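# Breakdown of the fold
Spelled out, the chains give:
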Amino acid sequence: MRKSLFIVTAYMFFCKFIPVIPYYALFLQQAKRFETSQVLVFFSLYGIGVMLFEIPCGFFADRYGVKSSIITGHLFRLLSIIILIFSQYYEAILLTQLVLACGDALISGSEETYFFSFYHDNEQIFTEKKYSFEVFTAKLHSINWFGIALSFFTGSLCAYFTLIVPFTVTAGIYFLCIILSFLLRTVTYDKKENRKRILVMPVLHEIIHSKKLLSWALIVTLVGNSLSVAYLLIQPMMNEYRFSGTVNGALFGCATLCASCGAYFESVVFSQSERRRNIGILALFFALIICSILIAYNTSFILFFILFCLFRFIFGIFSPLLAARTNRLISTNTYRTAIISILSLASGIVQATLLLVTAHIGKASVAAKFTFLNAFMGIAFIVICYILLRTRNTKTTK
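Per chain, residues are indexed from 1 in the order of the written sequence. With the structure being a predicted model, the display of local features is reserved for residues of pLDDT at least 70 and the display and counting of side-chain atom pairs for 80 or more, all residues being used for whole-chain, interface and lining totals. Computation of side-chain values: all heavy atoms of the structure, hydrogens and water removed.

As a further point, take the environment of I295. Position of I295 relative to the elements: it lies in helix α12 (residues 274–297). Placed 11 residues apart in sequence, I295 and I306 show a C-alpha to C-alpha distance of 9.7 Å. Put simply, DSSP marks the helices as runs of H or I at least four residues long and the strands as runs of E at least two long, and each gets a number from the N terminus on.

Below is the structure:
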């Protein structure tokens, strides 16, 4: 158990240890001569790629095993970064997002299923330690965010020499993740007797007839896409501040340490009570809207740094909060990854649409794009309030 938990911890630390994350926009704009609109199109192709590959990859994982899916996904990630480093062609650079999307589609739902099965395979041990699944998920996300934060500091040091160095280091990390994926212990979910041919209709039936799951999936989509698009807009905004590569990486590192603290904070405060969770979602999302408005029209570097750290803290809280509850609401283990993939597909479609629309609003101004996003988040906040209040009233009536 200790060895397995150590490998899981190491995997969670390195699977998102990606020094290039703060530098995609800078690299594309400076090395590849992309404009802000082209950068957003580049990012939007990731959502389109997820839309194409999410469901087939989810079915692949349920049919051939989540561990095999994770290994294959990291191979695709390695291929995408190699193409991005060496290619000088616009079309090939855009293709890397589709390759990366395929890799992440193979990994994302498979990871959630793997850790859900890993927890339940060792539930007695975790129960003795007073770790619920929600707390276990929050701890893993905290480790994950901590790895991301250190990767930014690493990227900051690498970028001191040239922007190509963080991308090279990332390729090495992707290779390490392939090795760690092989070392992950096979869980009960992956045993041959549990693998079946997955059909589309039973999976859709499970989703459609679960009102709680559908309502929660809508909340996850609205919150997740608001966080993701705002995060992607922050990168070209930082380019307008004309930060150096070193400052850029250090800023992302400090902010992401706040995300790690946020994930740990979530395990203590929100995981224990549904009422706390619902109040927390509304309060945090409202704070996110205010934070986004201030970021868009702020001119002070110090205030920008504080707001960015607050934004990442909120991001860190939401990450395990959304993931653990989604896994809990899926009632079957036969095609868990396929269900997660379909829900991710719906979210990916919204994200791609939102990014494409945002990319063509206020072409010369990132602040104008933020204004549009803030309007979207305002509508999302009203919808989330309605869903949570309706759920509470239904319980009260019963």
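Now, onward.
What follows deals with the packing of helix α5 (residues 90–121) against helix α7 (residues 133–159). Between the N-to-C directions of two axes lies an angle of 0 to 180 degrees, each axis being a line fitted to C-alpha atoms and, for a helix, fitted only over the stretch in contact. At a minimum axis distance of 11 Å, the contact between α5 and α7 shows a crossing angle of 130 degrees. For the element pair α5 / α7, the angle class is oblique. Considering only the axes of α5 and α7, their crossing is right-handed. Where α5 abuts α7, its residues F115, F116, F118 and Y119 lie against F133, F136 and L140. Residues were grouped as follows: Ala, Val, Leu, Ile, Met, Phe, Trp, Tyr, Cys and Pro as nonpolar; Asp, Glu, Lys and Arg as charged; and all remaining residues, including Gly, as polar. Partitioned by chemical class, the residues of the contact of α5 with α7 number seven nonpolar, no polar and no charged. Convention used here: angles under 35 degrees read as roughly parallel, angles over 145 as roughly antiparallel, angles from 65 to 115 as roughly perpendicular, and any remaining angle as oblique. In a left-handed crossing the near helix is turned counterclockwise from the far helix by less than a right angle, and in a right-handed crossing that turn is clockwise. Contact definition: two residues touch when any of their heavy atoms are within 4.5 Å.

A word on the pattern of salt bridges. Salt-bridge detection follows one rule: a side-chain nitrogen of Lys or Arg within 4 Å of a carboxyl oxygen of Asp or Glu. For the structure on display, the rule yields one salt bridge. Linking R77 and D104 is a salt bridge whose minimum nitrogen-to-oxygen distance equals 3.5 Å. Placement of the pair is R77 in helix α4 (residues 66–86) and D104 in helix α5, with a sequence separation of 27 residues. Each residue's exposure class comes from its accessible area (1.4 Å probe, protein chains only) as a fraction of the maximum for that residue type: buried when under 20%, exposed when over 50%, partly exposed otherwise. The class for R77 is buried, based on a relative accessible area of 3%.

Okay, a nonpolar patch on the surface next. Taken together, the side chains of V247, F301, I302, L303 and I306 make up a nonpolar region of the molecular surface, amounting to roughly 440 Å² of accessible area. Top contributing element to the nonpolar patch by residue count: helix α13 (residues 301–329), with four residues. Candidate patch residues must exceed 30% relative accessible area and have no salt bridge, after which like charges are joined if within 9 Å and Val, Leu, Ile, Met, Phe, Trp or Tyr side chains if within 5 Å. Here the accessible surface of atoms and residues is derived via Shrake-Rupley with a 1.4 Å probe, and residues count as covered only by protein chains that are part of the display.

All right, on to the environment of A259 then. Position of A259 among the secondary structure elements: in helix α11 (residues 245–269). With 117 residues separating them along the chain, A259 and S142 place their C-alpha atoms 7.6 Å apart. Non-local contacts of A259, meaning those with residues more than four positions away in its chain, are made with W145, R312, F313 and G316.

The next point concerns the packing of α4 against helix α8 (residues 164–183). Between α4 and α8, the least distance of the axes is 9 Å, while the angle of their chain directions is 165 degrees. Put simply, α4 runs roughly antiparallel to α8. Relative to α8, α4 is oriented so that their crossing is left-handed. Each of K67, I70, I71, H74, L75, R77, L78, I81, L84 and I85 in α4 lies in contact with α8, whose residues at this interface are I164, F167, T168, T170, A171, Y174, F175, C177, I178, S181 and F182. A per-class count over the contact of α4 with α8 returns 15 nonpolar, four polar and two charged.

Now for empty space enclosed by the protein. Only protein atoms enter the 1 Å grid, on which a cavity is a set of points fitting a 1.4 Å probe that cannot get out and a pocket is an open set with protein on both sides within 12 Å along at least 5 of 7 lines, lining residues being those with an atom within 4 Å of a point. Grid points are joined across faces, edges and corners, and a volume is the space filled by probe spheres set on the points. On inspection of all chains with the given rule, the structure shows one cavity of 30 Å³ or more. There is about 40 Å³ of room inside the largest cavity. Around the largest cavity, the lining residues are Y24, S80, I81, L84, T96, Q97 and L100. At the level of elements, α4 and α5 are the ones that each hand at least two residues to the lining of the largest cavity. Residues that form the lining of the largest cavity fall into these classes: four nonpolar, three polar and no charged.

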